[in-house]
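Reading the structure
Here is what each chain is made of, one letter per residue.
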Amino acid sequence: MRIKDFDNILKYLPVLLLCLYIGYLGRDHFINKGADDFAVNLIFCFYFGFAIIGFATLNIFLDPIVNWTVKRFLNNSKSKLVEKQEAEPKDIQIVSSTEKIANPVENNADTNVIRKAQQEKKTQQDQEKLQIALNYTKQKFALYVSDEDLKVLCDYIILYSEKQSFEHIQLVKIKELSTLDLYHFGWNLWNHFKIGQQIEIASFLKHLFAESLKEVEIDTIKSHLKDDPKKGLITIKESLSD
């Protein structure tokens, strides 16, 4: 016997017993009234059949109503559950974040390759910055120093850009340029490279142009680097690239 058939038997057996019981009650009632055997058996069949027809009628009319009521109840329960879940999105997000933390994405990038690429980029930028400073220096000093002194000046600017120390500095002799021009030149270099303090560029000027600045102290040079920015053959420039 299939399970479905067994379920149907369990479902309708109580109904059949109830109908038999109704028929028995009807039969018993008429036996007490003095009806004969034929009549009470006929009445039993009538009550039994009436009970079955009544159950079938109720089943036809009530079954759609019961099904609709049950579906309505289930849909309302489901809607309330969905609304409750939507009202608590932060909890879901926290769980998701926790899972991401517990299972981090593997980093497959080669750190050494990235570091090398960034170092090459920085080196190129430093070279470009140095070249701008050298071109600026040649442009401003070409008319006022010898070729040899101009080369010496450019060599010391390279050392300055590399933060190298200066030993036995060879003096650079200039003509026509004033101390104010040298101050402006020093400030422009310091502002371009952004290396160290202004006292360092003042010391650089003092030793490199010792003959022109022999009567000026380093602190004095530092305090006057940006005096009268628009005056002189060399003026203050916020950018040497312009």
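Before going into details, it helps to say that this report is about the structure given with it. (Residues numbered from 1 in each chain as written. Predicted model: local features only at pLDDT ≥ 70, side-chain atom pairs only at ≥ 80, totals over all residues. Heavy atoms only, no water.)

1. Quick word on the overall build of the protein chain
The condition that has to hold: Runs of H or I in DSSP of at least four residues are treated as helices and runs of E of at least two as strands, each being numbered from the N terminus. Burial classes follow relative accessibility: with a 1.4 Å probe on protein chains only, a residue under 20% of its type's maximum area counts as buried, one over 50% as exposed, and anything between as partly exposed. The accessible surface values rely on the Shrake-Rupley method and a 1.4 Å probe; as for residues, cover is taken only from the protein chains in view.
Assigned secondary structure in the protein chain consists of eight helices and zero strands. In the protein chain, which comprises 242 residues, the share counted as buried stands at 23%. Total accessible area computed for the protein chain in this model is approximately 18000 Å², and 58% of it derives from carbon and sulfur atoms.

2. Here we look at the layout of surface pockets
Here is the rule: The pocket and cavity definitions rest on a 1 Å grid over protein atoms only: a 1.4 Å probe that fits but cannot leave marks a cavity, an open set with protein on both sides within 12 Å along at least five of seven lines marks a pocket, and residues lining either have an atom within 4 Å of a point. Grid points are joined across faces, edges and corners, and a volume is the space filled by probe spheres set on the points. Gly is put with the polar residues, along with every residue not named as nonpolar or charged; the nonpolar set is Ala, Val, Leu, Ile, Met, Phe, Trp, Tyr, Cys and Pro, and the charged set is Asp, Glu, Lys and Arg.
What the largest pocket holds in volume is close to 240 Å³. As for the largest pocket, its lining consists of Lys122, Asp126, Gln127, Lys129, Leu130, Ser161, Glu162, Lys163, Phe193 and Ile195. Of the residues forming the lining of the largest pocket, the biggest block, five residues, is contributed by helix 4 (residues 111–141). Looking at side-chain class alone, the lining of the largest pocket contains three nonpolar, two polar and five charged residues.

3. As for the nonpolar core
As a reminder of what qualifies: Residues grouped as a nonpolar core are buried Ala, Val, Leu, Ile, Met, Phe, Trp, Tyr and Cys residues, joined through side-chain atoms within 4.5 Å. By the convention used here, residues are in contact when the closest approach between their heavy atoms is within 4.5 Å.
By size, the foremost hydrophobic cluster in this structure holds 39 residues, and its most contacted members are Phe141, Ile157, Phe185, Phe204 and Phe209. Ranked by residue count, the leading element in this core is helix 6 (residues 179–193), at eight residues. Once you skip the residues sitting within four places of it in the chain, Phe141 turns out to touch Leu150, Leu153, Ile174, Leu177, Leu182, Phe185, Phe209 and Ile234.

4. As for unusual backbone geometry
Glycine aside, a negative phi is what most residues show, and trans is what most peptide bonds show. The backbone of Glu176 shows a phi angle near 75 degrees, a positive value even though the residue is not glycine. Looking at the secondary structure, you find Glu176 in the loop between helix 5 (147–161) and helix 6. Although it is not a glycine, Asp228 adopts a positive phi angle of roughly 40 degrees. Note that Asp228 resides in the segment after helix 8 (218–223).

5. What about the packing of helix 4 against helix 6?
For clarity, the threshold we go by: Each axis is a line fitted through C-alpha atoms, taken for helices only over the stretch in contact, and angles between the N-to-C directions span 0 to 180 degrees. Under this scheme an angle from 65 to 115 degrees is roughly perpendicular, one under 35 degrees roughly parallel, and one over 145 degrees roughly antiparallel; angles in between are oblique.
Look at helix 4 against helix 6: their axes get within 11 Å of each other, and the N-to-C directions meet at 170 degrees. By the angle class used here, helix 4 and helix 6 are roughly antiparallel. Contact residues: helix 4 offers Lys129, Leu130, Ile132, Ala133, Tyr136, Thr137 and Phe141, while helix 6 offers Leu182, Phe185, Asn188, Leu189, His192 and Phe193. Among the residues making up the contact of helix 4 with helix 6, the classes are represented as nine nonpolar, three polar and one charged.

6. Thoughts on the side chain of Ser161
What counts, and what does not: Two N or O atoms count as a polar contact when they lie within 3.5 Å, although within protein this holds only if one can serve as hydrogen donor and the other as acceptor, and sequence-adjacent residues are included solely when both atoms are side-chain atoms.
Within the fold, Ser161 resides in helix 5. Overall, the relative accessible area of 19% leaves Ser161 in the buried class. In this structure the side chain of Ser161 is engaged in a polar contact, spanning 2.7 Å, whose partner is the backbone oxygen of Ile158. Ignoring anything within four residues of it in the chain, the contact list for Ser161 reads Leu130, Phe193 and Ile195.

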